[in-house]
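Close look at the chain arrangement
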Amino acid sequence: MSSVLTDLFPHPIVQAPMAGGVSVPQLAAAVSDAGGLGFLAAGYKTADGMYQEIKQLRGLTSRPFGVNLFLPQPETADPAAVDVYAHQLAGEASWYETELGDPESGRDDGYDAKLAVLLDNPVPVVSFHFGVPAREVIDSLHRVGTLTFVTATTAEEARAVERAGADVVIAQGVEAGGHQGTHRDLPETDGGGIGLLSLVAQVRESVGIPIVAAGGIMRGAQIAAVLAAGAGAAQLGTAFVAAHESGAHALHKQALTNPLFARTELTRAFSGRPARALVNRFVREHGPYAPAAYPEVHHLTAPLRKAAAKAGDAQGLALWAGQGHRMARELPAGQLVEVLVAELASARTALSAGGAR
């Protein structure tokens, strides 16, 4: 690993920040204490809610950790398309005996307020999703001693990350669960994402900053593969969804290995932005018609997802998952890190032995 990374955490394992309640302080603390880098997800939280979780996490671990922010999105949604989708979802609202959410509930996710908190109360790492923060934002975080990670899904995006002065680029392959961190949401590129190994190789030849590889990684041998391709560490999300400390709904954890949910696909059904989820009834019925409208669709469907969880109906939940979901292991997060480190060592030994022949 690059010294930028090894100074933070000894093992090349980053726990992905998963918004929506999965990345709770207990999970981040367990990963950091085991020698990885735990993350909190500030997305969909208030600035004070984020601050309270940071305080809680600091009470659980003295190890470095990170906080993830969603960048504000441009107003590109067609209001008429959102209205049509809302009409289509009326049956869901009736079924779950709830109201649809207000699509105009807010666009910036409290970005400026969260930045202010993070500048007043610095954390070791801040990462960004859905774009590149302004150079002055990155510089201001550097001045308070915070390292900056930014997601990229193409080599071109990775170059933009480097130009902005970020310390690390997170190369996110199309295999990744949850939202694709594309810098611009272009419907014409749906389904055209790059596989992780190809992406890491392209990014490695495009930038000089360290790379964290993300997308479908569930085993230590896969970590070895992305390290060999040029990454300095691997970021795992779905692998930690099933961890004991994860805040994921029990139905979500069970669905990862339930044969009823055989595959994943990128869908706009729940949020209006491409995100990889297990295919359930909601994805099948609404995914083909969901507009490119984030965060409007996210706000619209939020009460439906909450009601589905309350009803114990996995068919109405956003079951975010990467392509390796069937390999999930229900272990304490710290133990999972230990298992991954042992698998990584075995894979490296096997590679060395093969090369010595």
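The structure reproduced in this document is the subject of the present report. No experiment lies behind these values; they were computed from the predicted model shown. (Residues numbered from 1 in each chain as written. Predicted model: local features only at pLDDT ≥ 70, side-chain atom pairs only at ≥ 80, totals over all residues. Heavy atoms only, no water.)

**Section: the pattern of salt bridges**
Here the structure, examined in full by the defined rule, presents ten salt bridges. Between Arg268 and Asp190 there is a salt bridge, with its nearest N and O atoms 2.9 Å apart. Of this pair, Arg268 sits in the loop between β10 (264-267) and β11 (275-278) while Asp190 sits in the loop between β7 (178-179) and α9 (196-204); the two residues are 78 residues apart in sequence, bridging distant segments of the chain. Assessed through its relative accessible area of 7%, Arg268 is described here as buried. Through salt bridges with shared partners, one network takes in Glu92, Arg281 and Glu285. (Salt bridge = Lys/Arg side-chain N within 4 Å of Asp/Glu carboxyl O. Helix = DSSP H or I, 4+ residues; strand = E, 2+ residues; numbered from the N terminus. Buried < 20%, exposed > 50% of the residue type's maximum accessible area, 1.4 Å probe, protein only.)

**Digging into unusual backbone geometry**
A cis geometry characterises the amide bond from Tyr294 onward to Pro295, with omega recorded as 10°. Structurally, Pro295 can be placed in the loop between α13 (281-286) and α14 (296-311). For Asp109, which is not glycine, the phi torsion reads 55° and is therefore positive. Mapping Asp109 onto the fold places it in the loop between α5 (90-95) and α6 (111-120). A positive phi angle is found at Phe130, which is not glycine, with a value near 80°. For Phe130, the location among the structural elements is in the loop between β4 (125-129) and α7 (135-143).

**Here we look at the packing of aromatic side chains**
Applying the stated criterion across every chain, the model contains six aromatic pairs. Each ring, one from Phe270 and one from Phe282, has its centre 4.7 Å from the other, and the planes form 15°; the classification is stacked. Placement of Phe270 in the loop between β10 and β11 and of Phe282 in helix α13 is noted, with a sequence separation of twelve residues between them. Phe282 carries the same exposure label as Phe270, and that label is buried. For Phe270, a relative accessible area of 1% gives the class buried. Members of the aromatic cluster, each reached through a chain of ring pairs, are Tyr44, Phe70, Phe130 and Tyr294. (Phe/Tyr/Trp six-rings, centres within 6.5 Å; stacked < 30°, edge-to-face > 60°.)

**A look at the sheet that holds strand β3 (residues 65-70)**
The eight strands lie next to each other as β1-β9-β8-β6-β5-β4-β3-β2, forming an open sheet whose pairing is parallel. If you trace the sheet from one side to the other, it starts and ends with β1 (13-15) and β2 (38-41), each paired once. Ignoring which end each strand starts from, the neighbouring axes of this sheet average 25° apart. Bridge count between β1 and strand β9 (residues 233-236): three bridges; the pairing is parallel. In the strand pairing of β9, Val14 is matched with Gln235. On top of the sheet, α6 reaches β3 and β4; it is set at about 160° to β3, its chief contact. (Pairing = 2+ DSSP bridges. Axes fitted to C-alpha atoms, helices over the stretch in contact; angles between N-to-C directions. Contact = heavy atoms within 4.5 Å.)

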